[in-house]
Amino acid sequence: MITIEQIKLIISDNVQDVNVNEIPHDAKLRDHDVDSLDFFNIVLGFQEASGIEVPDEDVEKLDTINAIHKYFQDK
Amino acid sequence: MKFSYRKYQTGDEVDINDLYHLVTGRTRTIEQHAWQWLQTPGGESEMWLIEAELESGVKKLIGHHGVMALEFSHYGKAIRVGKTENTMVLPVFRDKILYPKFEKKFLSAYENKFHALFSTVGPKSAIRLRKAMGYKAKHAWKKMFVGDEPAISLITINNVISRKLHLEGKFPQTPSSVKINDTRIDSYVDVDASTAFDYDGFWERVSKNYPLTLARNKKSLSWRYWNNPYRKHLTLVLDSEASGVAICVISFRKKFGVYLDDIFCEEKNALPHFLEILYSWSKKEMRCFSIETYTTTDNMESFRSQGHCRDNSWLQSFYDRDKEVQLMPRKVTPLGKAKGIKDEDIWYITPSFFEGR
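Residues numbered from 1 in each chain as written. Chains lettered and ligands numbered in written order. Predicted model: local features only at pLDDT ≥ 70, side-chain atom pairs only at ≥ 80, totals over all residues. Heavy atoms only, no water.

Novice: Looking at this structure, how should I read the overall build of chain B?
Specialist: What chain B contains, in helices and strands, is 12 helices and 14 strands. A burial count over chain B gives 55% of its 357 residues as buried. Counting contacts in chain B only where the partners sit at least 6 residues apart, residues at least 24 apart contribute 73% of the total. When the accessible area of chain B is evaluated, it comes to approximately 15400 Å², of which 52% is carbon and sulfur surface. (Helix = DSSP H or I, 4+ residues; strand = E, 2+ residues; numbered from the N terminus. Buried < 20%, exposed > 50% of the residue type's maximum accessible area, 1.4 Å probe, protein only. Contact = heavy atoms within 4.5 Å. Areas by Shrake-Rupley, 256 points an atom, 1.4 Å probe, with all protein chains shown as cover.)

In C-alpha cells:
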C-alpha cells in the first residue's frame, strides 16, 4: 500500500516546477502541468514503491492523488 | 481499454492521414504521405502505430511515431540518419496511455538501423521526452538574415504583402536552376548549364569537408527539392573565381518571402562570400532586399559575415524577445559511434533539415 504522503513525494520527485502541495487531491494531475513524461516517471515510481505493475488499461484510473491512493489500496 | 502497437503496413496511410488531420488540423494526400515516408532516399522509414481496442473489438488508430530515413554524410562517408516526425496521440487518449513507454519500445526496435537520430522542433514536453530517450539538446535554432538594415526590419513588417506581389511570380513552376558567375552577375544566367551540373560529382568532392549533414547528391536533392510536393524551389549554382562553386536552394514562403533552404560549397569558410553573391543576385533579379534562413547556434559563425548576413534584425529581436528557444535534439546511436561519429555537437545545419511534415 502507498500512503498519500508517499504519492506526493513520488510526484514531486518526478515533476519539475510543480508544487505538489498545491494540487488538490481530487484534481487531475494533467491539469497541473504534469506532462506525459512526468506521468510515465510517476507511474514507474508507484510501481517501484508498491511492487505492483500497472497494466496499460489501468493507466487512465491514476488521474488524481485520491484515485492513485484508492487504486493501490484496492490492490 | 487495451492498447497495442505495430509497424506500418501498406494501406495504413489513410488512417494515419486522418489522425494527422485530427491532431494538427492539416490535410495530407496519399501522394504527400508517400513522398515523405515511402520515397525518402534513406530507404524504409519507421512508422509505428498505437491502437486502442474498442468495446466492439475493433482496433482504432490513436497514436503514431515516425522516423524518416534520410541519407546523410559524415566527412564523405555515407550514413543513414533518422528524423523523428509525426509523433502524435489523439488528445482524448493522452491521459489513457503512457506514451513514453511506447516510444522507448519503438526506439529500441529501430535505433540500430540508424547512425544518428534527430528532431527539429517541438514543444518543451517533446524535447524533454527526447532527452529522456538519450538525445542531447544543446543547440538552438537560430534565424539568420541576409540583407541590409533597415531593409531587414522594414521587410519584416511587410513581408507578406510586398514580397508576394513582387516575388511569387518569379518562382518557376517546374524545377529550375540558374547559374551565376559572381564577376558577371549582370550578364550570366545560363539555365541549361546548371541543369546539367554534375551534382553527384560535386557532392562527392565537397562532402569530405562537412561533418554530420544531409547528403546533397542528385538523388537527395531530387527528392527534397525538385520532387517536393509541397513547394517549388529554385536551385542556383553560384560560381566564384575566388571561392569555387556553391549550390544554393531558395523558395518562396508566404511567411518568410524569399527563403534560403540550403547552401553548400567547397570550403565551409567561403559561405559568407557566397551569401554576399546570393544577396547581390536576389537584389537585382528578385528585387529582394532580405533573405531569411535558419541554422543552429553551433553553426552561426559559419553563416555570419562582415557584410550582409546576421543573426537578427533589431525589429526581429523585439518580436522574438519572449519567444521560447527551440532546441534541436540529436543523438548518435551505438551504430554511429562504431562508425566513428564521436559526438552530437558537430553537424552542419541548414533549413533543409526541416523538410517533411
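Moving on from the coordinates now.
Novice: Just to check I follow, could you spell out the pattern of salt bridges for this structure?
Specialist: Side-chain pairs of opposite charge can arise where the charged atoms are in close proximity. Residue and element names in this part refer to chain B. Under the definition given, this model contains 21 salt bridges over all chains. We note a salt bridge from K7 to E44, for which the minimum N-O separation is 3.7 Å. A residue pair is termed long-range when its members are at least 10 positions apart, and K7 in strand β1 (residues 2–7) and E44 in the loop between α2 (30–37) and β2 (46–53) qualify at 37 residues. According to the relative accessible area criterion, K7 is partly exposed, its value standing at 27%. For E103, the salt bridge goes to R130, with nearest N and O atoms at 2.9 Å. (Salt bridge = Lys/Arg side-chain N within 4 Å of Asp/Glu carboxyl O.)

Novice: What's the story with the packing of aromatic side chains in this structure? I'm lost.
Specialist: Here a ring pair, both rings aromatic, is described through the centre-centre distance and the interplanar angle of the planes. Residue and element names in this part refer to chain B. Scanning the entire structure with this criterion turns up 27 aromatic pairs over all chains. Pairing F72 with F118 gives two aromatic rings, centres 5.9 Å apart and planes at 50°, and the pair type is tilted. In this pair, F72 is assigned in strand β3 (residues 59–74) and F118 in strand β5 (residues 116–118), connecting sequence segments 46 residues apart. The pair formed by F72 and F118 is uniform in burial state, with each residue classed as buried. Three or more aromatic residues link up through ring pairs in this structure, and these residues are F197, Y199, F202, W203, Y210, W226, F264, F303 and Y348. Of note, R28 hangs over the ring of Y20, and the distance from its end group to the ring centre comes to 4.0 Å. (Phe/Tyr/Trp six-rings, centres within 6.5 Å; stacked < 30°, edge-to-face > 60°. Lys NZ or Arg CZ within 6 Å of the ring centre and 35° of its normal.)

Novice: Honestly, the confidence of the model for chain B in this entry has me stumped. Any pointers?
Specialist: Segments scoring low in pLDDT should not have their predicted coordinates read at a detailed level. Here chain B shows a mean pLDDT of 85. Residues at 70 or above account for 83%. On the interface metric, ipTM, the complex scores 0.80, and its pTM is 0.88. (pLDDT = per-residue confidence, 0-100.)

Novice: Is there a simple way to think about the interface of chain A and chain B in this case?
Specialist: One widely used convention gives an interface's size as the accessible area the parts lose upon coming together. With 13 residues of chain A in contact, the opposing surface of chain B contributes 16 residues. Of the roughly 1500 Å² buried where chain A meets chain B, counting both sides, 57% is carbon and sulfur surface. The largest per-residue losses of area from chain A upon contact with chain B belong to L37, F40 and D56 of chain A, which jointly make up 38% of the total buried on that side. Where chain A packs against chain B, one counts four salt bridges. For the pair chain A and chain B, the interface holds four residue pairs in polar contact (both at pLDDT 80 or more). Looking at side-chain class alone, the side of chain A that touches chain B contains five nonpolar, two polar and six charged residues. (Buried area = accessible area lost by both parts, 1.4 Å probe. Polar contact = N/O pair within 3.5 Å; in protein donor to acceptor, adjacent residues only side chain to side chain. Nonpolar A, V, L, I, M, F, W, Y, C, P; charged D, E, K, R; others polar.)

Novice: Could you clarify how one ought to interpret helix α4 (residues 124–132) of chain B in this entry?
Specialist: Side chains three or four residues apart in an α-helix point the same way, a direct result of the helix having 3.6 residues per turn. For α4 of chain B, every residue scored as buried is listed here: I127, L129 and R130 of chain B. Angular distribution of buried residues about the axis of α4 of chain B spans 160°; they occupy a single face of the element. Structural note: α4 of chain B exposes K124 and A132 of chain B on the side pointing more than 90 degrees away from its buried face. Elements that come into contact with the buried residues of α4 of chain B comprise α2 (36–50) of chain A together with β3, β4 (77–89) and α3 (99–110) of chain B. Just beyond α4 of chain B, the residue with positive phi is G134 of chain B, at close to 100°. (Arc of directions from axis to C-beta.)

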